[in-house]
Every structure is written in structure tokens, then in C-alpha cells.
Amino acid sequence: MDTSSDTAFFLGVTVVKVVVILWVLLTATAYLTWLERKVVAHIQSRWGPYRVGPHGLLQPLADGLKFLFKEDIVPADADRVIYWLAPFIAFTLAFLAIAVIPFGGSFSFHGHVIPFQITDLDVGLLFVLAVTSLGVYSIALAGWSSNSKYPLFGGLRSSAQMISYELSLGLALIGVLMITGTLSLRGIVEYQQQHGMWNIFKQPVGFLVYFTAAIAETNRVPFDLPEGETELVGGYHTEYSSFKFAMFFIAEYANMVTVSCVATLLFFGGWLGPLFGPPWLRTWLPVFWFCFKVFCFLFFYIWLRGTLPRFRYDQLMAFGWKVLLPVALLNILVTGAVVAASS
Amino acid sequence: MVILFYIAAIVAILAALGVVLQKTPVYSALLLIVVLCSLAVIYLLLGAEFIAFIQVIVYAGAIMVLFVLVIMLLNARRETPGQGSRMARWLGGPLLVVFLAEIVLAAWRQFPGAASPPPLNAGPAAIGQLLFRSYVLPFEVTSILILVAILGAVVLAKKS
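Residues numbered from 1 in each chain as written. Chains lettered and ligands numbered in written order. Predicted model: local features only at pLDDT ≥ 70, side-chain atom pairs only at ≥ 80, totals over all residues. Heavy atoms only, no water.

## Brief notes about the overall build of chain B
The helix and strand inventory of chain B stands at 6 helices and 0 strands. Ordering the α and β elements of chain B from the N terminus gives α-α-α-α-α-α. Expressed as a percentage of its 160 residues, the buried residues of chain B come to 23%. Contacts in chain B between residues far apart in sequence, at least 24 positions, make up 57% of those at least 6 positions apart. (Helix = DSSP H or I, 4+ residues; strand = E, 2+ residues; numbered from the N terminus. Buried < 20%, exposed > 50% of the residue type's maximum accessible area, 1.4 Å probe, protein only. Contact = heavy atoms within 4.5 Å.)

Structure, rendered in C-alpha cells:
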């Protein structure tokens, strides 16, 4: 086969992968909202959505339509350009990170080996961190451009919170990088495969710090102060309505999926799991294991929301800087000593 | 690749002009982020993925957040040009020409006739070895300098 048709094939496959993955991710985020309402409802001895479709299964569709048809209100004093820009930044960044996430090994199709991943970057983990580090702008700008007091407070809180916790988040991952010696997400999973052991057993402290910081990064309970309803009405998106609000909403859930994917890949062996059955099942089982592990994390997120109360702001800051950060640093020191001693 | 380079380069230059010409501080800060991101794209085209993403994480994701935060806290809106701006208008043009000439000359001397610089060996391992072997002293001195600056900021903040 000549190179030009090879390139065309590669491009075609990539486009198909992008479309399929975006579709799956959008559907997953939509049904994540359904799952959240259901699980929290059952935790609180309620039924949750039940009217639209069997067990309320069509509720996300109804919500989507509702968002589309609601009136879009822009505050009179808002900075219009930035007010428009903020939800788009949030939405785009949330879906960009998924580009480097590998879901499984690879499968062959007409003699080509196609990996379950849009693109395999050598520094995939850095790409995810870079994209999520920009996410703070959408929230800060949304809060500022609304030109109203509650969104401004929400935006400020969120910026401070995300800067503080991003540090611990990055440092928590360094332990894993020191052990595996690669920044490639695929490489990190392959390392776990070769050594027959998930990284969680080698880096339990790193995982705890990472997941705590990640919950704070995604503004979820118990770290959801930027949008604390009881004190800030709704936080940074108070003044947003209709589909622009929906974009923030979808972005938040997509970010939860990304964070869960990274946790699965780095600490829980990614797509590794028991394989059995005919060849086609052996190809697709890893994808199932990956999705199952991500689902467990998402369930944990919702479970937390149904269980824990919100932190106070000074507690949040003190926890981030005085507990999480030193623990993450200590983890790096200990890991470094162990790696140096064993090599 | 060449098309991507020109897109990134033109975006970077236009955004950089915007940073200087904008009168609203928030727009200037946002355009500076655009400049940094298009520089990251150019690094990517050079094959320096590590530097590209570190550029985004450190400059766009950390330093510029502080800029935007300060602008938000001061709630700075449209600014009117002051006394200093008038001086800048007279001196700016000539200085611009001098600096441009200097950059073109330097680039010309470095790569005479070459269309693009040779590919870089800029993976994480290569950069780590440079930082912690060849340039370990400047690296450590810089980190101490930053530490001193942080301590100074804390002392100044505690005073009032």
C-alpha cells in the first residue's frame, strides 16, 4: 500500500474515532447527571426522576431540550465578549483532554493495527495536565464578566482553590512517574502490565492525594465552594442561563470523567483485567474493564456528594496547603529514596 | 506543517500586538495567553512536546492566572492613557525598529540561509540531564532566588 492511501486511511480512522468518542462521552456525561440524581435520591430515601421514560431514563434528553428552549439572558452590565467566551472555553477544554486517553490495547482492521485511543503522545500526561490547568480561566472569567457580586466571589474562590490544589495534584502524580519512568499514558499502563501489579499498591499515598486534589479541581462536594448554593446562590455561573449554563454543566461532568480516566490509568492498571473467551472478546474486554473502573470512580464521586458536608473556605485552604501539599512532597521524597535504593 | 507554523506565527504576532494596543487590562491578559499558547504550538511543530506543554502549564496555567486574578480583584476596566503613554508614543517607533533589526540580524547570523532550525532533542530525559548535570548550579541558584522573593513577599504582606 502506498503512503498517500495510508495517510488517507489514518485520517479516516482518526475522524471516526473522534466522532465515536465524542458521542460516547457526551452520552456518558448526560447519563451521569441521571445517575447522580438517582443515586443521591436513593441515599436520601427518595425516588429521583421517575416520570420521563422508564425509571426516568429519558430525563437527560428532556433536560437538554429544556436548556435549548429557555430564554438566554445576558446581564446588562456584563462584558459581552468574555461572557460568551467563558462557557466555550470550559466546554472545549473539558473535551480536549480525552484525546490522549487510551481505553484499551488495539485491534486489527484490514491488516492495520488500530489502538483504542485518538492519539498517543509521548507526554500524554502533561497534555492532560496542561488542558486542565487552563480550565480555571473559564470559571474565573465567567465570574468576572457577569459583573455581579455572587459570580465574582465564586470565580475568585475557584481560582484560589484550583491554583492551590493543582500543585498537590501534579506533585501526587510525580511518584508514579518516578516509578514508571515515562509520561506516556499507554506506557504507564504497560509498565503495570509488565510488573503484574497496579500502581495503587506502590503509591497508595500518591493516589489518596491525587484523588482528593482532583475532587477539589472539579469543584465537587466536599470542595464545591465556588458554587456553594447556600452562600453564593450558584457561584460563578449564577448569571448564566439556557445553553450557556448547560455548557458549564456538561464541562463539569466531562471533567469528572477525565479525572476518573487518569486515576484509572495511573493507579488502577487502566484496561488491565482478566481476559477469557474467543479472540473478539479478548479485544473488547479491556475496553470493558477500563469503562468499569471509570464507572466505579464516578459512582464514588456521587456517593461522596450524598455523604459529606461542604468544607468552610478557610478549612479548605488550610487543608490544601498544610496537609495535602506536605504529604505529596513527603511522598516524592520517600519514593525517590526507594527508587534510588533499589536501582 | 508549514501551514500550521504560519497560522501559529501570525496568531502569535497579532495577539502580541493586541496585548500592547488593548486599553482594557483583561483583554490584554487574555491575548497574552493566546500568544503563549501559539508559541506552544510552534514548540510542538519543532518536535519539543515537553517544552510545549510545560509552557502551557507554567505560563498560561499558573502565572497568567495570577495576572487575571489581580485584574479581577482590582476590577480594572478601560484605562485612559497617562503622561507616560505620550513619551511611549514618541520613543516607541524608533525603539521598535531598532529591536526588530537586532532580532533579524541575530537570526540571520545564527541560521544563514537555513529555512528552519535543525530538529531538537528536547525530550524530558534530555532536558532533565541538562538541568541537573550541566546546569545544576544556575538551576539551584535560580530556585534559591525565587525562594528569597517568596519570603520577601510574605514579610512585606505581614507588615501591614
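## As for the interface of chain A and chain B
Chain A puts 25 residues into the contact, and the matching count from chain B is 23 residues. Surface buried jointly by chain A and chain B totals about 2100 Å² across both partners, of which 78% is contributed by carbon and sulfur atoms. Summed over the shared surface of chain A and chain B, the number is 0 salt bridges. Scanning the region where chain A abuts chain B turns up 2 residue pairs in polar contact (both at pLDDT 80 or more). When contributions to the side of chain A that touches chain B are tallied by element, the ones reaching two or more residues are helix H3 (80–96), helix H4 (124–145) and helix H5 (149–180) of chain A. Ranked by residue count, the leading element in the side of chain A that touches chain B is H4 of chain A, at 11 residues. Of the residues in the side of chain A that touches chain B, the class split is 18 nonpolar, 4 polar and 3 charged. (Buried area = accessible area lost by both parts, 1.4 Å probe. Salt bridge = Lys/Arg side-chain N within 4 Å of Asp/Glu carboxyl O. Polar contact = N/O pair within 3.5 Å; in protein donor to acceptor, adjacent residues only side chain to side chain. Nonpolar A, V, L, I, M, F, W, Y, C, P; charged D, E, K, R; others polar.)

## Quick notes on the pairing of strand E1 (residues 106–109) of chain A
Residues and elements named next belong to chain A. Bridge analysis of E1 against strand E2 (residues 112–115) gives 4 bridges, and the strand direction is antiparallel. The residue bridging Phe109 from the neighbouring strand is His112, located in E2. Once E1 ends, the chain turns through 2 residues before running back antiparallel as E2, passing His110 with a positive phi of about 50°. (Pairing = 2+ DSSP bridges.)

## A closer look at a nonpolar patch on the surface
A surface patch of nonpolar side chains, amounting to about 1100 Å² of accessible area, comprises Met1, Val2, Phe5, Tyr6, Ile10, Ile13, Leu14, Leu17, Val20 and Leu21 of chain B. Along the chain, Tyr6 of chain B falls in helix H1 (residues 2–21). (Patch = residues over 30% accessible without salt bridge, like charges linked within 9 Å, V, L, I, M, F, W, Y side chains within 5 Å. Areas by Shrake-Rupley, 256 points an atom, 1.4 Å probe, with all protein chains shown as cover.)

## A closer look at a positive patch on the surface
Residues and elements named next belong to chain B. Together, Lys23, Arg78, Arg86 and Arg89 make up a positively charged patch on the protein surface. When you line up the elements, Arg78 lands in the loop between helix H3 (49–74) and helix H4 (83–110). On the accessibility criterion, Arg78 (63% relative accessible area) is exposed. (Lys, Arg positive; Asp, Glu negative; His and termini not counted. Charge placed at Lys NZ, Arg CZ, Asp CG, Glu CD.)

## Some remarks on the environment of Ala246 of chain A
Residue and element names in this part refer to chain A. For Ala246, the position within the fold is in helix H9 (residues 242–267). Here Ala246 falls in the buried class, since its relative accessible area comes to 3%. Counting along the chain gives 179 residues from Ala246 to Phe67, while the straight-line C-alpha distance between them is 6.6 Å.

## Quick word on the nonpolar core
Residue and element names in this part refer to chain A. Core analysis: the biggest nonpolar cluster contains 113 residues, and Ile101, Tyr210 and Leu266 have the highest contact counts within it. The greatest single-element share of this core, amounting to 15 residues, is contributed by H4. With residues up to four places along the chain from it excluded, the contact list for Tyr210 reads Leu169, Ala172, Leu173, Val259, Val262, Ala263 and Phe267. (Core = buried A, V, L, I, M, F, W, Y, C linked by side-chain atoms within 4.5 Å.)

## Observations concerning the domain arrangement of chain B
Domain boundaries in chain B define domain 1 (1–78) and domain 2 (122–160). For domain 1 of chain B versus domain 2 of chain B, the separation of C-alpha centres amounts to 23 Å. (Domains from an automatic or database assignment.)

## Structural notes on unusual backbone geometry
Phi at Ser45 of chain A is positive, roughly 55°, even though this residue is not glycine. Looking at the secondary structure, you find Ser45 of chain A in the loop between helix H1 (3–43) and helix H2 (59–69).

## Overview of the packing of aromatic side chains
Residues and elements named next belong to chain A. Inspection of every chain in the model, using the stated rule, returns 26 aromatic pairs over all chains. Each residue in the set Trp198, Phe207, Tyr210, Phe211, Phe267, Phe268, Phe297, Phe299, Phe300, Tyr301 and Trp303 is aromatic and connected to the rest through ring pairs, giving one cluster. One cation-aromatic arrangement involves Lys244 over Trp84; the distance from NZ or CZ to the ring centre is 3.9 Å. (Phe/Tyr/Trp six-rings, centres within 6.5 Å; stacked < 30°, edge-to-face > 60°. Lys NZ or Arg CZ within 6 Å of the ring centre and 35° of its normal.)

## Concerning the packing of H4 of chain A against H9 of chain A
Residues and elements named next belong to chain A. Running from amino to carboxyl end, H4 crosses H9 at an angle of 155°, the nearest separation of the two axes being 12 Å. When the axis of H4 is compared with that of H9, the two are roughly antiparallel. Here the hand of the crossing between H4 and H9 comes out left-handed. For the pair H4 and H9, the contacting residues are Leu125, Val128, Ser138 and Ala142 in the first and Phe248, Thr258, Val262 and Leu266 in the second. Partitioning the contact of H4 with H9 into residue classes produces 6 nonpolar, 2 polar and no charged. (Axes fitted to C-alpha atoms, helices over the stretch in contact; angles between N-to-C directions. Parallel < 35°, antiparallel > 145°, perpendicular 65-115°, else oblique. Left-handed = near helix turned anticlockwise from the far one by under 90°.)

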